[in-house]
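Architecture and fold: a report
Spelled out from the first residue to the last, the chains are:
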Amino acid sequence: MQTSLRLLGRRRFLPLFVTQMLGAFNDNLFKTAMVLFVTYQVYSDARMELQFNAIATGLFILPFFLLSALSGQLADTRDKAGIIRMVKTAEIAIMAVGAVGLLLPSIPLMLAAVLAMGIHSTFFGPIKYAILPQHLEKDEVLGGTGLVEAGTYIAILAGTITAGFITHDARIAAALVLTVAAAGWLTGRQVPPAPPINPPEKLDFHIIRASIALVSGTMHIRRLFLAICSISFFWAIGAVLIIEFPPLVKNVLTADEQVASLFLAIFSVGVAIGSLMINRLLRGTVSARYAPAAVIAMGGFVLLLHFVAKQWVGDDAGELYDLWAFVGHDGAPMLILSLFGVAVSGGMFVVPLYAFLTTTVGAGETARTVAANNIVNSGAMVVGSLVAFGLSAVNVSAVDQLLLVSAMCIVSAWLAWKLHCACE
């Protein structure tokens, strides 16, 4: 842990770490503010709320599916620091559109900004992992990956909590997303150069052909392919959970926006803690040893969350609980414990698998490997969003959808076990 934290004092790591945190904070500040606004002030129908969240999630993820092949080619054959500067400049323009959407308010403009932020994240995503083996020593990569993951979820925590408190004032939200975008642009300019390991090459702009070729290139390495499958199934589960949280909080737990923000915050803190715990357990070794047990534990906590929510008794007067009234509810401790357990075990499951992506192939291929992972991940998450949308269309409640999530964890455990056997 101490060795990993020392990286925060190095220019070869700190600017990237801060830039990633600011981007994750801004993503989640804007998306959460938008979702809470629509859930609590536009719609009053649980099915419509869940379907809107599924659409917003799908729009954010779609660029990862379509453009990850191009982003991977760019990151492997161009200076990664230069790409970071261009991406962070684009973020300022995207957040300007999002800010106008919040101020009007305009749902089409907000959704357009969400889609554009998905494109922004698609091009930044491969770099934040692929640059680590280039700037860090081999025994620092797992620790650096854990810090990036932990920092990301701490930023998600901060963004979601902040959104819960400023949703009522669009002017504050608009000013804040623009300010954070500008700060990310400044820190991005401090990332040291990371010239390509491979010589620059002609880019393939045929996104379907390039995507198929990119994913196919990982299949011959069994442990890499299994790691990608395991991560993808995990994020399909995560997509369903994130879609369900706001409608679950409003319509089942009968609580307000700050409680919905608290739900997302607890999830973020838990994943960050799980990310650091697994690094401590593995002592810097890239291994899937604990992954099957971690995801089985995650499924158990999801099941507990289902039963606690099923037995929840709302306010007799039909009022929404505020934050303090919710915390004082008899069922709140067990609910919070189950949600925290889901997040910690999820973090312990997924972080070592990301380390496989950057250590299985050579430094000149890491960005494209991460991009291939992003293609499969985003496809799985889009499928998860469509499943949540479809189930809500046939009146399957958010609480009952948790049973599906718990069952999906069994498949994740099987994939993780196959990965562990392949590594051994």
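In what follows, the accompanying structure is described. Quick caveat: nothing in here was measured; it's all calculated off a predicted structure.

Looking only at helices and strands, the protein chain features 16 helices and zero strands. Expected size for 424 residues packed as a compact globule is a radius of gyration near 22 Å; at 20 Å, the protein chain falls within 12% of this value. Each principal axis of the C-alpha atoms in the protein chain carries an extent, and together these give about 65 × 50 × 45 Å. Residues counted as buried form 58% of the 424 residues belonging to the protein chain. For the protein chain, long-range pairs separated by at least 24 residues make up 87% of all intrachain contacts whose partners lie at least 6 apart in sequence. Within the structure as shown, the protein chain displays about 16,500 Å² of accessible surface, and the carbon and sulfur contribution to it stands at 68%.

This part is about the packing of aromatic side chains. A complete count under the given rule lists six aromatic pairs for this structure. With centroids separated by 6.0 Å and ring planes inclined at 55°, the aromatic side chains of Phe 60 and Phe 64 adopt a geometry described as tilted. Residue Phe 60 and its partner Phe 64 are both found in helix α3 (residues 46-77); the two are separated by four residues, about one turn of the helix. Here the aromatic rings of Phe 234 and Trp 235 are separated by 4.9 Å at their centres, their planes lie at 75°, and the arrangement is edge-to-face. The pair Phe 234 / Trp 235 is uniform in exposure class, with both members buried. Ring pairs connect the aromatic residues Phe 234, Trp 235 and Phe 349, which therefore count as one cluster. The ring of Phe 60 is capped by Lys 31, whose NZ or CZ atom sits 3.7 Å from the centre of that ring. Positioned over the ring face of Phe 124 is Lys 88, at 5.2 Å from the centre of the ring.

The rules behind each value
- Residue numbering note: each chain is counted from 1, following its sequence as written.
- With pLDDT at 70 or above as the cut-off, local features in this predicted model cover only qualifying residues; side-chain atom pairs require 80 or more to be listed or tallied, and sums for whole chains, interfaces and linings still use all residues.
- Side-chain numbers here rest on the full set of heavy atoms in the structure, without hydrogens or water.
- Helix and strand assignments follow DSSP, with helices taken as H or I runs no shorter than four residues and strands as E runs no shorter than two, numbered in order from the N terminus.
- With the radius of gyration taken over C-alpha atoms, the globule rule is written as 2.2 Å times the number of residues to the power 0.38.
- For every residue, the accessible area (1.4 Å probe, protein chains only) is compared with the maximum for its type, and the residue is labelled buried under 20%, exposed over 50%, or partly exposed between those bounds.
- Two residues form a contact once any of their heavy atoms are found within 4.5 Å.
- Accessible surface area values rest on a Shrake-Rupley calculation with a 1.4 Å probe, where residue burial reflects the displayed protein chains alone.
- Pairing of aromatic rings covers Phe, Tyr and the six-membered ring of Trp, with a centre-to-centre limit of 6.5 Å; geometry is then stacked below 30 degrees between planes, edge-to-face above 60, and tilted otherwise.
- Definition used: whenever NZ (Lys) or CZ (Arg) falls within 6 Å of the ring centre and also within 35 degrees of the ring normal, the charge is taken to sit over that ring.

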